[in-house]
Amino acid sequence: MENLEVINITKTFSLSKKQQRIEKTKTKLKVAVKELSFTAYPGEIYGLLGPNGAGKTTTLRSIATLIKPDTGEIKVGDASTLKDPNGVRAKIGFLTSELKLEEHFSPNYLFTYFARLHGIVEEKIEERKEILFKKFGIDKFSEVKVGELSTGMKQKTSIAISLVHDPDYVIFDEPTNGLDVLTARSVTDYLEELKNAGKVVIVSTHILSVVEKLCDRVGIIIDGEMKVNDTINKVKSLDETGNLENVFFNLVEEAAQLRGEF
Ligand SMILES: Nc1ncnc2c1ncn2[C@@H]1O[C@H](COP(=O)(O)OP(=O)(O)O)[C@@H](O)[C@H]1O
Ligand SMILES: [Mg+2]
């Protein structure tokens, strides 16, 4: 397994009139991510931590080749998002709350559907399905329409489907958002299993405790910029209290000062 490298990516969106109103700005362009770089290593969980609107989802969508950064590139092992986006897609599993499962279909049907899209052979599909459905307790609900499942079971189904091709690189955008503690725990336990299997795992979150419990390395992103990027212990030691929350608030405050809000 090789590193996943995000190399100096910048992504600018043009805002519609309505978005300009919502964002309370008169500028047409929004720099969502600015000259951002980091490396995630096999056998580690990398956490991208930042407040809402910081640019986490934009970064992860760039890795997943769903959007193309204006500049920079991402290397997933030997595949580059610029030269071989299909190679990148084959290697990664991507989970995002922005992609909703079609409510009318069952987990069983959807799993098979996405597995076939990935070109997985039929026997292998059933084998993967059995493992993942059992792992997440989806087996009892495999024929229930997604629309009738609980939030937690929907999320677990999304996770199982994102891992259908047994990817070596797992990219999860806010994986525990809106989940009850037990479901959240089963998700983070599974991410640890993937880490222990030597995979490269990247999660985004705005929740400090997720980073503290789960991540080996953390990048703190604010206003599209990487403010700190290091092992969790090094990052904590940036404040004399050794408390991640204090480090985070110091950085948020500094950023507000830079914007002239204080
Ligand atoms: N498709 C888009 N069009 C315009 N602006 C966008 C688009 N996607 C994201 N943005 C803006 O870019 C910024 C970063 O968004 P995002 O990456 O979703 O942040 P996060 O995931 O950290 O909450 C926000 O200001 C958001 O409004
Ligand atoms: Mg987001």
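Above this text sits the structure in question.
On a predicted model such as this, the values are computed, not experimentally measured, just so you know.

K.L.:
Please explain the site of ligand 1 as it appears in this structure.
P.N.:
Close to ligand 1 lie 14 residues; Glu23, Gly53, Lys56, Thr57 and Thr58 are nearest. The backbone of Gly53 places a nitrogen or oxygen atom 2.7 Å from an oxygen atom of ligand 1. A distance of 2.9 Å is found between an oxygen atom of ligand 1 and a backbone nitrogen or oxygen belonging to Gly55. Compared with its free state, where it exposes 560 Å², ligand 1 has 75% of that area covered by protein. Mapped onto the shell around ligand 1, the elements with two or more residues apiece are strand S2 (29–40) and helix H2 (56–63). Per element, the largest residue contribution to the shell around ligand 1 is three residues, and it comes from H2.

K.L.:
Before we go on, may I ask you to explain the side chain of Thr10 in this structure?
P.N.:
Structurally, Thr10 can be placed in strand S1 (residues 4–14). We classify Thr10 as buried; its relative accessible area is 14%. Polar side-chain contacts of Thr10 include one of 2.9 Å to the backbone nitrogen of Glu35. Aside from chain neighbours lying at most four places away, what touches Thr10 is Val31, Val33, Lys34, Glu35, Pro69, Asp70 and Thr71.

K.L.:
Help me understand the environment of Glu23, please; the structure alone is not making it clear to me.
P.N.:
With respect to the element layout, Glu23 can be found in the loop between helix H1 (17–22) and S2. Under the relative-accessibility criterion, Glu23 is labelled partly exposed at 43%. Taking the C-alpha atoms as reference points, Glu23 and Ile9, 14 residues apart in sequence, are found 23 Å from one another.

K.L.:
Just to check I follow, could you spell out the environment of Asn233 for this structure?
P.N.:
Inspection of the secondary structure assignment puts Asn233 in helix H9 (residues 232–236). Sequence separation between Asn233 and Glu212 is 21 residues, and the spatial gap between their C-alpha atoms is 9.5 Å.

K.L.:
Could you clarify how one ought to interpret the pattern of salt bridges in this entry?
P.N.:
Here the idea is simple: oppositely charged side chains can pair when their charged atoms come close. On inspection of all chains with the given rule, the structure shows 16 salt bridges. Residues Lys56 and Glu174 are paired through a salt bridge, measuring 4.0 Å at the closest nitrogen-oxygen approach. Of this pair, Lys56 sits in helix H2 while Glu174 sits in the loop between strand S7 (169–173) and helix H7 (181–196), placing them 118 residues apart in sequence. With a relative accessible area of 4%, Lys56 lands in the buried category. Classification of Glu174 as buried rests on a relative accessible area of 12%. Salt-bridge contacts for Lys199 lead to Asp168; the nearest nitrogen and oxygen are separated by 3.6 Å.

Calculation criteria
- As a convention, each chain's residues are numbered from 1 in the sequence order in which they are written.
- To label them, take the chains in the order written and letter them from A, then take the ligands in the order written and number them from 1.
- Restriction of local features to residues with pLDDT of at least 70 applies here, the model being predicted, together with a cutoff of 80 or more for giving and counting side-chain atom pairs; totals for whole chains, interfaces and linings are based on all residues.
- Heavy atoms from the whole structure form the basis of all side-chain values; hydrogens and water molecules are not counted.
- Any residue with at least one heavy atom within 4 Å of a molecule or strand is counted as near it.
- Definition of a polar contact: a pair of N or O atoms within 3.5 Å, with one able to donate and the other able to accept a hydrogen when the atoms are protein atoms, and with sequence-neighbouring residues admitted only if both atoms are side-chain atoms.
- Shrake-Rupley sampling with a 1.4 Å probe provides the accessible areas, and residues are treated as covered by the protein chains on show and by no other component.
- Each helix is a run of H or I in the DSSP string that is no shorter than four residues. Each strand is a run of E no shorter than two, and both are numbered from the N terminus.
- The buried label applies to any residue whose accessible area, calculated with a 1.4 Å probe on protein chains only, is under 20% of its type's maximum; exposed applies above 50%, and partly exposed to all values in between.
- The criterion used for residue contact is that any of the two residues' heavy atoms lie within 4.5 Å.
- Between Lys or Arg on one side and Asp or Glu on the other, a salt bridge is scored when a side-chain nitrogen of the former is within 4 Å of a carboxyl oxygen of the latter.

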